[in-house]
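Here are the chains, one letter per residue:
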Amino acid sequence: MTLNLEQIKEIIPHRDPFLLIDEVTELEPGVRATALKHLTGEEYWFKGHFPQKPVQPGVLMLEMLAQTGAVCALSLPENRGRIAYFGGLDKVKFRNMVFPGDTLKLEVEIIRSRGSVGVGKGVATILGSGKKAVSAELTFALGEAEAPAGE
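Reading the values: rules and limits
Residues numbered from 1 in each chain as written. Predicted model: local features only at pLDDT ≥ 70, side-chain atom pairs only at ≥ 80, totals over all residues. Heavy atoms only, no water. Pairing = 2+ DSSP bridges. Helix = DSSP H or I, 4+ residues; strand = E, 2+ residues; numbered from the N terminus. Expected span 1.5 Å × (residues − 1). Buried < 20%, exposed > 50% of the residue type's maximum accessible area, 1.4 Å probe, protein only. Phe/Tyr/Trp six-rings, centres within 6.5 Å; stacked < 30°, edge-to-face > 60°. Patch = residues over 30% accessible without salt bridge, like charges linked within 9 Å, V, L, I, M, F, W, Y side chains within 5 Å. Areas by Shrake-Rupley, 256 points an atom, 1.4 Å probe, with all protein chains shown as cover. Salt bridge = Lys/Arg side-chain N within 4 Å of Asp/Glu carboxyl O. Axes fitted to C-alpha atoms, helices over the stretch in contact; angles between N-to-C directions. Contact = heavy atoms within 4.5 Å. 1 Å grid on protein atoms, 1.4 Å probe; cavity = no way out; pocket = protein on both sides within 12 Å on 5 of 7 lines; lining within 4 Å. Points joined across faces, edges and corners; volume = space filled by probe spheres on them. Nonpolar A, V, L, I, M, F, W, Y, C, P; charged D, E, K, R; others polar.

Asker: Outline the pairing of strand β6 (residues 132-144), supporting the account with residue identities and numerical values.
Answerer: Judged from the ten bridges that link them, strand β3 (residues 82-94) and β6 form a sheet pairing that is antiparallel. Following the sheet pairing, Leu89 is matched in β6 by Leu138.

Listed below in structure tokens is the structure:
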């Protein structure tokens, strides 16, 4: 199963400028997902990180993995309309720098899930070179999308 940007927006609530995946190339709901992020160099963060040598921020690569995992978890019928919140990060390793013009392949596999809490194992790889950019275990908690009363 593949998803374009509009189909991704039907599953996760992220929007520009914080929707950080461009397409989902593989999806097995609740099990695993693969997405791509094409870094054009026009992304807002490259203007300040760093002006003399633009480098993709590591924390945003983790967010890209989290959004890929969110598509995986929230594509299950029973999770439609919910939000996947970050619960934690473990075993994070930044391995190679990523630059404008690179495309990241973002792979997440749900390795544990119990109730509304789960853990995904994620790896971001630079297409072309095959070099790993970052790997991590991402803990998530599923919550309701509606704002609490009084907000």
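Asker: Describe helix α2 (residues 58-74), listing the residues and the values that go with them.
Answerer: Taking 1.5 Å per residue as the helical rise, α2 with its 17 residues ought to reach 24 Å, and the 24 Å between its terminal C-alpha atoms agrees with that figure. The buried fraction of α2 amounts to 15 of the 17 residues, a majority that puts the element mostly inside the structure.

Asker: Outline the packing of aromatic side chains, supporting the account with residue identities and numerical values.
Answerer: Per the counting criterion, the structure on display carries two aromatic pairs. For the ring pair Tyr44 and Trp45, a centre distance of 4.9 Å and an interplane angle of 80° mean the geometry is edge-to-face. Looking at Tyr44, the relative accessible area reads 42%, which means it is partly exposed. Judged by relative accessible area, which is 8%, Trp45 ranks as buried. The structure contains a cluster of three or more aromatic residues connected by ring pairs, namely Tyr44, Trp45 and Phe46.

Asker: Tell me about the pairing of strand β4 (residues 103-114), and name the residues and values.
Answerer: One ladder, built from seven bridges, connects strand β2 (residues 32-38) with β4; its direction is antiparallel. What sits directly across from His38, in β4, is Thr103. Between β4 and strand β5 (residues 117-126), which follow one another and run antiparallel, lie two residues, and Gly115 among them has a positive phi close to 65°.

Asker: If you had to explain a nonpolar patch on the surface to someone new, which residues and values would you point to?
Answerer: Taken together, the side chains of Phe86, Leu89, Val92 and Phe94 define a hydrophobic patch exposed on the protein surface, amounting to about 360 Å² of accessible area. For Leu89, a relative accessible area of 43% gives the class partly exposed.

Asker: Give a description of the sheet that holds β3 that names residues and reports values.
Answerer: Here we have six strands laid out as an open sheet, ordered β1-β2-β4-β5-β6-β3, and antiparallel in their pairing. Here the strands that pair on one side only, and so sit at the sheet edges, are β1 (23-28) and β3. If you compare each strand with its neighbour and ignore which way they point, the axes differ by 20° on average. The sheet contacts of α2 involve β1, β2, β3, β4, β5 and β6, and relative to β3 the element is tilted by about 135°.

Asker: Describe in detail the environment of Ile111, supporting the description with residues and values.
Answerer: Inspection of the secondary structure puts Ile111 in strand β4. Taking the C-alpha atoms as reference points, Ile111 and Ala73, separated by 38 residues in sequence, lie 11 Å from one another. Look past the residues within four positions of Ile111 in its chain and what remains in contact with it is Val119, Gly120, Lys121 and Glu137.

Asker: Describe the environment of Leu19, with residues and values.
Answerer: The residue Leu19 is located in the loop between α1 (5-9) and β1 in this model. Owing to a relative accessible area of 12%, Leu19 belongs among the buried residues under this scheme. Leu19 sits 44 residues away from Glu63 along the chain, and the two C-alpha atoms are 9.4 Å apart. Excluding its chain neighbours within four sequence positions, the residues that come into contact with Leu19 are Leu5, Ile8, Lys9, Ile12, His14 and Gln67.

Asker: Provide a residue-level description of the layout of surface pockets, including the pertinent values.
Answerer: Space inside the largest pocket adds up to approximately 210 Å³. Lining the largest pocket are 16 residues; nearest its centre among them are Ala66, Ala84, Tyr85, Phe86 and Phe140. Contributing elements (two or more residues each) for the lining of the largest pocket: α2, β3, β4 and β6. Among the elements that line the lining of the largest pocket, the one with the most residues is α2, at five residues. Broken down by class, the residue content of the lining of the largest pocket amounts to ten nonpolar, five polar and one charged. Every residue along the wall of the second largest pocket is listed here: Leu5, Lys9, Asp16, Pro17, Leu19, Leu20, Asp22, Lys37, Glu43, Tyr44 and Trp45.

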